[in-house]
Amino acid sequence: MTDPAQASHLSAAALGRQIAAGLYDAVDVCEVFLERIAAYGDSTVFIRVTPERARSEAAASRERHRAGRPLGPLDGVPVAWKDLFDMTGERTTAGSQLYREAPPAKVDAAAVSNLSAAGMVALGKVNLTEFAYSGLGLNPHFGSPRNPNDAITARVAGGSSSGSGVAVAAGLAPCSIGTDTGGSVRIPAALNGVVGLKTSERRIPKQGCFALSHTLDTVGPLARSVEDCILLDAALRGEIPGRFAQANLRGLRLVVPTNVVQEDLDEAVAANFERSLDRISEAGAKVEHRKLDLLEEVQRVAVDYGSLTAVEAYQVHYRHIESADVDAIDPRVVARILGGKTMSGRDVIEVQEARKRLAQELHVALAGALLVMPTCPHTAPEAAPLDEDQELFHRANLKTLRNTMIGNFLGTCGLAIPNGRDPLGLPTSILVSAPGGEDERLLTYGRAFERAVGAD
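The rules behind each value
Per-chain numbering applies: the sequence of each chain, read as written, is numbered from 1 onward. Predicted model: local features are reported for residues with pLDDT of at least 70 only, side-chain atom pairs are reported and counted for 80 or more only, and whole-chain, interface and lining totals are derived from all residues. Hydrogens and water are ignored here; the side-chain numbers use all heavy atoms of the structure. Put simply, DSSP marks the helices as runs of H or I at least four residues long and the strands as runs of E at least two long, and each gets a number from the N terminus on. The atom set for the radius of gyration is the C-alpha atoms, and the globule formula is 2.2 Å times the number of residues raised to the power 0.38. With a 1.4 Å probe rolled over the protein chains alone, any residue whose accessible area is under 20% of its type maximum counts as buried; one over 50% counts as exposed, and the rest are partly exposed. Any Lys or Arg side-chain nitrogen located within 4 Å of an Asp or Glu carboxyl oxygen qualifies as a salt bridge. Put simply, buried Ala, Val, Leu, Ile, Met, Phe, Trp, Tyr and Cys residues joined by side-chain atoms within 4.5 Å make one nonpolar core. Any pair of residues with heavy atoms lying within 4.5 Å of one another is described as a contacting pair. By the criterion applied in these results, polar contacts are pairs of N or O atoms within 3.5 Å in which, for protein atoms, one can donate a hydrogen and the other can accept it, and in which residues neighboring in sequence qualify only through two side-chain atoms. The criterion for strand pairing is that DSSP finds at least two bridges linking the strands in question. Helix axes are fitted to C-alpha atoms over the stretch in contact, other axes to C-alpha atoms as well, and angles between N-to-C directions run from 0 to 180 degrees. Look down the strands so they point away from you; if the path from the first strand over the helix to the second goes clockwise, the crossover is right-handed. The aromatic pairing rule takes the rings of Phe, Tyr and Trp, using the six-membered ring of Trp, and pairs them if the centres are within 6.5 Å, calling planes under 30 degrees apart stacked, those over 60 edge-to-face and the rest tilted. A ring is scored as having a charge over it whenever the NZ atom of a lysine or the CZ atom of an arginine sits within 6 Å of its centre and within 35 degrees of its normal.

**Focus on the overall build of the protein chain**
- Check the secondary structure of the protein chain and you find 15 helices and eleven strands.
- Its C-alpha radius of gyration of 21 Å places the protein chain within 12% of the 23 Å reference for a compact globule of 456 residues.
- On the principal axes, the C-alpha backbone points of the protein chain span a range of 60 × 60 × 40 Å.
- Within the protein chain, the proportion of its 456 residues that are buried is 59%.

Structure, rendered in structure tokens:
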């Protein structure tokens, strides 16, 4: 049997194969990750570790494998959960002081139940920005997970699935499940150097998941490879992953917008993006650079009418916002939620109608092509200045979310894939997106993109 300590370096898919082959024991693997979590220098990554559940699920997986009856390719593989998902017997804090002592959940969220049914081992619940409402990953209540790619300077992990990104990047879990409402899977994936999948709306069940925006919230994995995301996407939907079709990039059309998404990029982000496009072209894809006026229209709608996320967040949280409870909420989160309070019924309808119209315009503009852009305009910024200056925080947050929010507004699915590092060793990322409902097609090409762009 292989040394279990080496399991922390494997992708979820590779680890599943090794367990199935008898090279690793699910119980030993579980202990490796529990030990790594306990020894890790940043105690803010996990809000709650669930060792009893993890050991029980790992023991059940070991027995299934010994009997030759695994539940699927991820049976015995550990997973961490963003603390928005209900887990039986555990509190769901949503990263908020208001829910620190909430009653324990009586049943698993649908997504948690589906991964348990796939044989996965729940390590616990990881940190996030309060109510999942920030792209930077700062949390004054449970602490802000530190980006593991800089051992000297404290940098943000990205949000809102901050703990998920760090857990995977630091080898505390081979994969983690987050949510994405404006970029909350893709941004922490980008800033930590892992793969993140934003799924289409309603693709993965959200029952038992604490809401930010009932319309825009999506569930998705952060992991070490596109293959991991393919397997996790199926398992999260309650399906046993079959043999997934793969495609090369030859002849595939890609649209690269020349406006909005390439403005004010870090030098390394721009350089790695251009290098990735060169490699994709060398692999046979047809890259089309052109202006997409609809991207500017998306920005105009937000300025003129407001944010659908904000108005729905206000609806979810108004009892707290309009009471003394507001003093216990991160003021940066309060400011964003209050943006929804001032929106009129007409504003909301204008946003909804524009969203439908512009999503259709994107579908026509792409005409079967995939959309490609940098995932985030910059690498992970230093945390301290953002914590100290609320105005700077809001400017940085909007810039961090700029590219990914477009996908949520237009209802796309998207894959954030590492594509290099800057001179400080901080990761950069490329985002490949498809119109909503085309997840299978996006994932079919995803592994070819991953091979082409690399992460060197």
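That covers the picture; the talk isn't over yet.
**Description of the pattern of salt bridges**
- Applying the stated criterion across every chain, the model contains 38 salt bridges.
- With a shortest N-O distance of 2.9 Å, Arg-53 and Glu-57 are connected by a salt bridge. Within this pair, Arg-53 and its partner Glu-57 are both found in helix α3 (residues 51-66), separated by four residues, close to a single helical turn.
- Arg-53 sits in the buried class, given a relative accessible area of 19%.
- Accessibility expressed as a relative area gives 13% for Glu-57, which makes it buried.
- In this structure, the salt-bridge partner of Arg-203 is Asp-233, at a minimum N-O distance of 2.7 Å. Taken together, the residues Arg-203 in the loop between β5 (195-198) and β6 (218-223) and Asp-233 in helix α7 (residues 226-236) connect sequence positions 30 residues apart.
- Residue Arg-203 is classed as buried on the basis of its relative accessible area of 18%.
- On the accessibility criterion, Asp-233 (2% relative accessible area) is buried.
- Salt bridges sharing common partners tie together Arg-203, Asp-233, Arg-237, Glu-239, Asp-439 and Glu-440.

**Topic: the nonpolar core**
- Core analysis: the biggest nonpolar cluster contains 96 residues, and Trp-81 and Phe-449 have the highest contact counts within it.
- Every residue in contact with Phe-449, bar those within four places of it in the chain, is listed here: Leu-249, Leu-252, Leu-254, Ile-280, Leu-370, Ile-417 and Val-432.
- Of all hydrophobic cores here, the second largest spans 26 residues; its members include Leu-295, Leu-308, Leu-362 and Ile-406.

**Side note on the side chain of His-378**
- For His-378, the location among the structural elements is in the loop between β9 (370-374) and α13 (383-388).
- Residue His-378 is classed as buried on the basis of its relative accessible area of 10%.
- Within polar-contact distance, the side chain of His-378 engages the side chain of Thr-400 at 2.9 Å.

**Some points on the sheet that holds strand β8 (residues 286-290)**
- As summarised here, the arrangement of the eleven strands in space is β1-β3-β2-β4-β6-β5-β10-β11-β9-β7-β8, forming an open sheet in which the pairing is mixed. Each end of this open sheet is capped by a strand with a single partner; those strands are β1 (46-49) and β8. Averaged over all pairs of adjacent strands, the angle between strand axes in this sheet comes to 25°, irrespective of strand direction.
- In terms of strand pairing, β1 meets strand β3 (residues 121-126) through three bridges, oriented antiparallel. Of the residues in β3, the one forming a bridge with Val-49 is Gly-124.
- Against the sheet, helix α2 (residues 26-39) contacts β1, β2 (78-82) and β3, and its axis sits at roughly 15° relative to β3.

**Section: the environment of Lys-125**
- Looking at the element boundaries, Lys-125 is found in strand β3.
- According to the relative accessible area criterion, Lys-125 is buried, its value standing at 0%.
- Here the alpha-carbon distance between Lys-125 and Val-49, two residues 76 residues apart in the chain, equals 6.3 Å.
- The residues contacting Lys-125, other than those within four sequence positions of it, are Phe-46, Ile-47, Arg-48, Trp-81, Asp-83, Phe-85, Asp-86, Met-87, Glu-90, Arg-91 and Thr-92.

**Focus: the pairing of β2**
- Burial of β2 is extensive: five of the five residues sit out of reach of the surface.
- Residues Pro-78, Ala-80 and Lys-82 of β2 are buried on one face, and the alternating residues Val-79 and Trp-81, pointing to the opposite face, are buried as well.
- Here β2 pairs with β3 via five bridges, running parallel. Each residue of the ladder has a partner; that of Ala-80, found in β3, is Gly-124.
- Crossover β2 to β3 through helix α4 (residues 110-117) is right-handed.
- When β2 meets strand β4 (residues 175-180), the two strands line up parallel, connected through two bridges.

**Side note on the packing of aromatic side chains**
- Counted under the stated rule, the structure contains five aromatic pairs.
- Where Trp-81 meets Phe-85, the ring centres are 5.1 Å apart and the plane angle is 65°; that geometry is what we call edge-to-face. Neither residue differs from the other here; Trp-81 and Phe-85 are each classed as buried.
- Seen in terms of ring centroids, Tyr-99 and Phe-210 are 5.3 Å apart; in terms of plane orientation they differ by 75°. Their pairing is edge-to-face. Remark: Phe-210 occurs in the loop between β5 and β6 and Tyr-99 occurs in the loop between β2 and α4; sequence separation between them is 111 residues.
- These aromatic residues form a ring-pair network of at least three members: Tyr-99, Phe-131 and Phe-210.
- The ring of Phe-142 carries the charged tip of Arg-100 above its face, separated from the ring centre by 4.2 Å.

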